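So the chains spell out like this:
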Amino acid sequence: MRSDLAERVFAYVGTPDSGITDIEDALWRRQPQLRAQGLLLPGPRALHRAGLHAVVGKVPPALPATVDPATAWHRMLAAGREWPGSVLLAGEALGVARREQAASVAMAFEGTPLSVVISTRSVPDLAVRAWQRVLKAGGAPTYDGYLRALRANLTPRSLAFWAAHDPLDIARRWGARVRPGDVHVVVSPPGSDDRDTAWPRLSSVLGVDVALPVLDPSPWGLLLGPVEAELLRRVHTAGDYRFRDGDRHRWTRRLLAVGLLASRPAGAIALPPEHREWLDQRTDALLRDIRAGGYRLVGDPADLLVPPDLPSARLVADVTDEEIAELARWTIDRLQETWVHLETHRLPPEVADTEGVEGILDMLEHIRAAESDLLPRPASHRGDSPRLRALLQVLRARASGAGSG
């Protein structure tokens, strides 16, 4: 790429859970307006995404047949070969780039100034979002246990969370070939709408004045309330063998976590008090080192501080079994509605809305089987199943009657 023709290259590198994905969606919808103001996203989007993944040695899922991961990076560079304005590379995949991978991006644009843009939130805000992504993906840690793991492994080399979310570490990895003043750490207040906060700050760095489209928030990024999160965790804790394969996300994540539980109004989750001190210390050190490193903080430094809990916030550990049972009933009822909408000729599953986590898993299995044109698989190791207990009682009664006769 004849990068000497470009005025500047911006690498917008995340972090995950900071709103970068929603802003990316909006940026691609505003390509004509951005180009009119001199900012190019070299694309098309699938090629752009594949090219950035190639830099960090990964292949993004669901690529169209027209995109070859092996050539995506060079084709993406060629797409902006003669662009006379600024070039924007936008993707959270770049946030995990190692030093040598970040250096390869800088060398690809050698001769053109490179600016790195890191979006972030307070550590507790990032942590609760990352924890819920783990739950949606099939994990089952408690919130307190997840925070304890973060505290016990505070370096990027010891835990994937810090490697992807620590803005200071990202700045250092990218800063080897970038002046400290060209590393921008853009912060958003906890729980904020990124179109209202992060985007105005980001656009000031990019030098554009474009209103982002009003988009419905992605359901994938919606936070679950404490009861919803705990129910999902218990579903995964059950370890049902029917939802351990690679396709399980279609039902446990897409249907249950995102389609149903995330559709409910989310209550605020309180930060366990025992974690506030170390998070305060971590934040103080982060702000101190950002300033000492000469990096540019875009936004209010107070946005990175550990916020006080909202009055309505609840500890996940305080969720009761009664609340779980009530939400499980609601969930089974919604899953039964989903079954009806499938308009299958199969007999409806005999699942009562009082069967809790087991009933949820059975309904998911029947929906999975109907959508996949397969037979539903039986549950295993269900000695405490309500239906199995009832059946055993009938069999015992019959056996007792036969013996007495």
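Overview of the structure. (Residues numbered from 1 in each chain as written. Predicted model: local features only at pLDDT ≥ 70, side-chain atom pairs only at ≥ 80, totals over all residues. Heavy atoms only, no water.)

**Some thoughts on the overall build of the chain**
Then comes step 1: Secondary structure summary: the chain contains 16 helices and six strands in total.
Then comes step 2: Considering the chain as a whole, with its 405 residues, one finds that 47% of them fall into the buried category.
Then comes step 3: Contacts spanning at least 24 positions in sequence make up 77% of the contacts within the chain whose residues lie at least 6 apart.
Then comes step 4: Roughly 19400 Å² of accessible area belongs to the chain as shown, and the carbon and sulfur atoms make up 53% of that amount. (Helix = DSSP H or I, 4+ residues; strand = E, 2+ residues; numbered from the N terminus. Buried < 20%, exposed > 50% of the residue type's maximum accessible area, 1.4 Å probe, protein only. Contact = heavy atoms within 4.5 Å. Areas by Shrake-Rupley, 256 points an atom, 1.4 Å probe, with all protein chains shown as cover.)

**Considering the pairing of strand β1 (residues 8-12)**
Then comes step 1: By the criterion of burial, β1 is predominantly enclosed, with four of the five residues buried.
Then comes step 2: In this structure, β1 lies alongside strand β3 (residues 86-90), joined through five bridges in parallel fashion. In the strand pairing of β3, Ala11 is matched with Leu89.
Then comes step 3: Of the pairings in the sheet, the one linking β1 to strand β4 (residues 114-120) comprises four bridges and is parallel in character. (Pairing = 2+ DSSP bridges.)

**Remarks on the pattern of salt bridges**
Then comes step 1: A complete count under the given rule lists 26 salt bridges for this structure.
Then comes step 2: Its salt-bridge partner being Arg121, residue Asp125 comes within 3.6 Å of it at the nearest N-O pair. Exposure class is identical for Asp125 and Arg121. Each is buried.
Then comes step 3: When the shortest N-O distance is used, the salt bridge between Asp309 and Arg276 registers 3.8 Å. Note that Asp309 is positioned in the loop between β6 (296-298) and α14 (321-341) and Arg276 in helix α13 (residues 276-292), a separation of 33 residues in sequence.
Then comes step 4: Residues joined by salt bridges that share partners form a network here, namely Glu230, Arg233, Arg234 and Asp321. (Salt bridge = Lys/Arg side-chain N within 4 Å of Asp/Glu carboxyl O.)

**Some details on the packing of helix α6 (residues 123-136) against helix α11 (residues 226-237)**
Then comes step 1: Running from N to C, α6 and α11 cross one another at 40°; their axes reach a closest spacing of 9 Å. What the angle tells us is that α6 and α11 run oblique. As for how α6 packs across α11, the hand of that crossing is left-handed. Packed against α6, whose contacting residues are Trp131, Gln132, Leu135 and Lys136, the element α11 presents Ala229, Leu232, Arg233 and His236 at the interface. (Axes fitted to C-alpha atoms, helices over the stretch in contact; angles between N-to-C directions. Parallel < 35°, antiparallel > 145°, perpendicular 65-115°, else oblique. Left-handed = near helix turned anticlockwise from the far one by under 90°.)

**Here's the deal with the packing of aromatic side chains**
Then comes step 1: The tally for this structure, following the rule as stated, stands at three aromatic pairs.
Then comes step 2: Centroid distance Tyr146 to Phe161: 6.4 Å. Interplanar angle 90°. Geometry classified as edge-to-face. Here Tyr146, found in helix α7 (residues 143-152), pairs with Phe161, found in helix α8 (residues 160-165); they are 15 residues apart in sequence, far enough to count as distant. This pair shows no difference in class: Tyr146 is buried, exactly as Phe161 is.
Then comes step 3: When the centroid spacing of 4.9 Å and the interplanar angle of 85° are considered together, the rings of Phe161 and Trp162 count as edge-to-face. Trp162 carries the same exposure label as Phe161, and that label is buried.
Then comes step 4: Site record: aromatic cluster; members linked through ring pairs are Tyr146, Phe161 and Trp162. (Phe/Tyr/Trp six-rings, centres within 6.5 Å; stacked < 30°, edge-to-face > 60°.)

**Section: helix α1 (residues 20-29)**
Then comes step 1: For α1, the complete set of buried residues consists of Ile20, Ile23, Glu24, Ala26, Leu27 and Trp28.
Then comes step 2: Tucked inside the fold, the buried residues of α1 contact β1, α2 (31-36), α3 (45-55), β3, β4 and α10 (198-206).

**Regarding the sheet that holds β3**
Then comes step 1: Ordered in space as β2-β3-β1-β4-β5-β6, the six strands form an open sheet in which the pairing is parallel. Bordering the open sheet on either side are β2 (39-40) and β6, each of which pairs with just one other strand.
Then comes step 2: Alignment of β4 against strand β5 (residues 183-187), held across five bridges, turns out to be parallel. Each bridged residue has a counterpart across the sheet, and for Val116 the counterpart in β5 is Val183.

**Description of the nonpolar core**
Then comes step 1: Counting 48 residues, the largest nonpolar core has Trp131 and Ile360 as its most contacted members.
Then comes step 2: Only α6, α7, α8, α11, α12 (249-260), α13, α14 and α15 (356-372) provide two or more residues apiece to this core.
Then comes step 3: Among residues more than four places away in sequence, those in contact with Trp131 are Pro141, Thr142, Tyr143, Tyr146, Ala229, Ile269 and Val316. (Core = buried A, V, L, I, M, F, W, Y, C linked by side-chain atoms within 4.5 Å.)

**With respect to unusual backbone geometry**
Then comes step 1: A cis geometry characterises the amide bond from Gly43 onward to Pro44, with omega recorded as 15°.
Then comes step 2: Phi angles above zero are rare outside glycine, and Glu343 is one such case at about 55°.
Then comes step 3: Mapped onto the secondary structure, Glu343 falls in the loop between α14 and α15.
Then comes step 4: Look at Asp373: it is not a glycine, yet its phi comes out positive at around 55°.
Then comes step 5: Along the chain, the position of Asp373 falls in the loop between α15 and α16 (386-404).

Purely spatial values, then, with no claim about function.
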